[in-house]
Amino acid sequence: MNIVSNSHINYIMRRSILNKVIVFIALNTLCDSKIYSQCSLNNGSACVCEDGTSACLLLPDLVISHTAITGVNGYKEYSQSGNTLFNGQILVTGATPNTGYGPLHVLTVDTFVCSGDTIIGKAPTLCPDGSNPKIFVKQRIYTKNGSAISSYDVSAGIMSYHNTHLHMHVEDWLYVSLRMKNSLTPDPRQWDIVGQAAKISFCLSDFDECSQSNGYCRDNANQVLDSSNINNYGMGIRTPGCDKEQSISVGYVDIYPFNTPGMNITIPYGTCNGQYWLVVEVDPMDHFMESNNNNNWVAVPINLTKQSNTPVASISTKQGRVLCSGTDSIVLKANLGTSYLWSNGETTQSIIVKQKGNYSVNVTNQCGTALSDTLKIVALADPKIIQVSADTICQTGNATLSASGFGEMYWYDSTGVFQFKGNHFVTPVISSTTKYLVSAITSFAADTFHTMQVQTTLHLTVLLLLPYEA
């Protein structure tokens, strides 16, 4: 869902203005002799290594701000109706500080993907099919050796143009989901998903400083981090705009307010009011090198108050409702709840059905317990060819082939080209012994959206007996 607002326009303008201010400050700082006593990409004498040595990698450390989600405008819930584009949505603010020892610096390379093909060269504006090319990117890793700063590049995911935000985005940056807590599973990222946003791609930039971001930057002990306690604060490269070179400097935070397009989760119809958890993860695919991969996610409890107070139970299946043979099976899945009781006695959210019959489920959730409609699973016998009759002819001409059984008879030549539908097939004129195929086929509507077809095939031969010639 694309959501465009004045707040988003102001947000993009703020990014642009901020970048201009940063560039202006950087230019003036170059005239200050104190620059040489600070940690920078040009002078590492004041840069600190995490291990206390004088030679090390200066890696970024990406985190998700808990404060950004729990603070004012951290998230906003909408009911299922009456809100136009926002029906059944929860909007979430995402903030990703870099509290490591080096900048996150991303650049594109001359390799891209168009229409599934990987191509070496400069990416075009659009692919031939009209889609945006996906451009491979590299991450620049900085190293300190005494006062010297050097760098090297490693592969790190892809970047593409975002048609709603109107600038380049690093893909797979944030993963946002609404989940139901499972006390038996310690990792919230493994809890049952109520709703989720696809792995969202973002423009990476120095949106704000940790010292000015209302506590968005914190350590694992929840201590506020700013210029006084973040080593190498400010080290980085200021990348204007959201183009093919992007970065987050040390001690800076990239922020995407909740009303930014893409920061929305769809809440399924029938979801009950009650406590859930927002789980937000940065760099979920581990594309980027950083000093700590264990602090890339946060789980925040929230109470939904604008959803349903009536329990709902439903059954879904991606395979239709027809069993095609004795070895076939169908997976039935109930809507998310806290407990389940199926009509066959099973108590899991999903069950595997191998027998025909009527199936229903009781689903218990925060609203109470509801019974689903009954889903009838039917079994269809395989089509069978019971009787066949080939033909023998003594001269060039037509032959008659017959077949009968369960299903409709479809006739094909030896290459699989369809010839005729029916029990009795009169061949075209043949001048040599010829093979034909007959298939008994049954088609049926598995449900409103699925049509299935079952087929059994036999080979028949028309034998041509020509007179003996001396």
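First things first, this report covers the structure right here in the doc.

The rules behind each value
Every residue gets a number counted from 1 within its own chain, in the order that chain's sequence is written. Reporting of local features is limited, given that this is a predicted model, to residues whose pLDDT is at least 70; pairs of side-chain atoms are given and counted only at 80 or more, and all residues count toward the totals for whole chains, interfaces and linings. Hydrogens and water are ignored here; the side-chain numbers use all heavy atoms of the structure. Remark: nonpolar core denotes a set of buried residues (Ala, Val, Leu, Ile, Met, Phe, Trp, Tyr, Cys) joined through side-chain atoms within 4.5 Å. Classification of residues uses two cut-offs on accessible area relative to the type maximum, computed with a 1.4 Å probe and protein chains only: under 20% is buried, over 50% is exposed, and between them is partly exposed. Only DSSP runs of H or I covering at least 4 residues are called helices, and only runs of E covering at least 2 are called strands; the numbering of each starts at the N terminus. Contacts: residue pairs with any heavy atoms within 4.5 Å of one another. A residue counts as positive if it is Lys or Arg and as negative if it is Asp or Glu; His and the chain ends are not included. Basic side-chain nitrogens of Lys or Arg form a salt bridge, by our definition, when they fall within 4 Å of a carboxyl oxygen of Asp or Glu. The term polar contact refers here to a pair of N or O atoms within 3.5 Å; inside protein, the definition further demands a hydrogen-donor-capable atom paired with an acceptor-capable atom, and it admits residues adjacent in sequence only when both atoms are side-chain atoms. When DSSP finds two or more bridges between two strands, those strands count as paired. Axes, fitted as lines to C-alpha atoms, cover a helix only where it is in contact. Angles between the N-to-C directions of the axes lie from 0 to 180 degrees. Two rings from Phe, Tyr or Trp (for Trp, the six-membered ring) form a pair when their centres are within 6.5 Å of each other. A pair whose planes differ by under 30 degrees is stacked, one over 60 is edge-to-face, and the rest are tilted. As a reminder, the over-ring test applies to NZ of lysine and CZ of arginine, requiring each to be within 6 Å of the ring centre and within 35 degrees of the ring normal.

## Concerning the nonpolar core
Proteins that are soluble and globular tend to have nonpolar side chains buried together. Grouped together as the largest cluster of nonpolar side chains are 61 residues, with contacts concentrated most on Trp173 and Leu178. Counting residues per element, this core draws most heavily on strand E9 (residues 167-180), which supplies seven residues. Every residue in contact with Leu178, bar those within four places of it in the chain, is listed here: Asp192, Ile193, Val194, Gly195, Ile265, Ile267, Tyr276, Trp277, Leu278, Ile302 and Leu304.

## Brief notes about unusual backbone geometry
With a phi close to 55°, Ser115 is a non-glycine residue in the positive phi region. Classification of Ser115 by relative accessible area gives partly exposed; the value is 46%. One non-glycine residue, Asp172, lies in positive phi territory at about 55°. Mapped onto the elements of the fold, Asp172 is located in strand E9.

## Structural notes on the environment of Gly320
Inspection of the secondary structure puts Gly320 in the loop between strand E17 (315-316) and strand E18 (322-323). Residue class for Gly320 comes out buried when judged on its relative accessible area of 1%. Distance in space between the C-alpha atoms of Gly320 and Ile377 is 8.7 Å, their sequence separation being 57 residues.

## Some details on the side chain of Glu290
Following the sequence through the fold, Glu290 ends up in the loop between strand E15 (274-282) and strand E16 (297-304). No salt bridge is formed by the buried Glu290. Its closest oppositely charged neighbour is Arg189, at 9.8 Å. Among the polar contacts made by the side chain of Glu290, one reaches the main-chain amide nitrogen of Leu62 at a distance of 2.7 Å. Aside from chain neighbours lying at most four places away, what touches Glu290 is Leu59, Pro60, Asp61, Leu62, Asp283 and Asn296.

## Quick word on the sheet that holds strand E3 (residues 89-92)
On the basis of which strands lie adjacent, the open sheet formed by three strands has the order E2-E3-E14 and antiparallel pairing. Unpaired on one side and paired on the other, strand E2 (75-77) and strand E14 (264-266) mark the two borders of the sheet. If you compare each strand with its neighbour and ignore which way they point, the axes differ by 15° on average. For E3 and E14, the ladder comprises three bridges, and the chain directions are antiparallel. Paired with Ile90 across the two strands is Ile265, which belongs to E14.

## Side note on the packing of aromatic side chains
Within this structure, the stated rule accounts for ten aromatic pairs. Summarising the aromatic geometry, the rings of Tyr410 and Phe418 are spaced 6.1 Å apart at their centres and angled 55° between planes, so their arrangement reads as tilted. For Phe418, a relative accessible area of 45% corresponds to the partly exposed category. Between the aromatic rings of Phe425 and Tyr436, the centroid separation amounts to 5.4 Å while the plane-to-plane angle is 75°, which identifies the pairing as edge-to-face. Here Phe425, found in strand E31 (residues 424-426), pairs with Tyr436, found in strand E32 (residues 434-445); they are eleven residues apart in sequence, far enough to count as distant. Side by side, Phe425 and Tyr436 carry an identical accessibility label, which is buried. Three or more aromatic residues joined by ring pairs form one cluster here, namely Trp411, Phe420, Phe425 and Tyr436. Over the ring of Tyr175 we find Lys199, and its NZ or CZ is 4.3 Å from the ring centre.

## Description of the sheet that holds strand E21 (residues 350-353)
Ordered by their spatial adjacency, three strands build an open sheet running E17-E19-E21, and the pairing between neighbours is antiparallel. Both outer strands of the open sheet, E17 and E21, are each paired with one neighbouring strand and no more.

## Comments concerning the pattern of salt bridges
Scanning the model with the defined rule gives seven salt bridges in all. A salt bridge links Asp153 to Arg140, with the nearest nitrogen and oxygen atoms 2.8 Å apart. Taken together, the residues Asp153 in strand E8 (residues 148-162) and Arg140 in strand E7 (residues 134-145) connect sequence positions 13 residues apart. The partner of Lys421 in a salt bridge is Glu408, and the shortest N-O contact between them spans 3.1 Å. In this pair, Lys421 is assigned in strand E30 (residues 418-421) and Glu408 in strand E29 (residues 408-413), connecting sequence segments 13 residues apart. Taken together, the salt bridges that share partners define one network made up of Lys138, Arg140 and Asp153.

## Concerning the environment of Val194
With respect to the helices and strands, Val194 occurs in strand E10 (residues 192-202). A residue is classified by how much of its surface remains accessible, and Val194, at 12% relative accessible area, is buried. Separated by 141 residues in the primary sequence, Val194 and Asn335 place their C-alpha atoms 9.3 Å from one another. Residue contacts for Val194: discarding those within four places in its chain leaves Leu178, Arg179, Met180, Pro268, Thr271, Tyr276 and Leu336.

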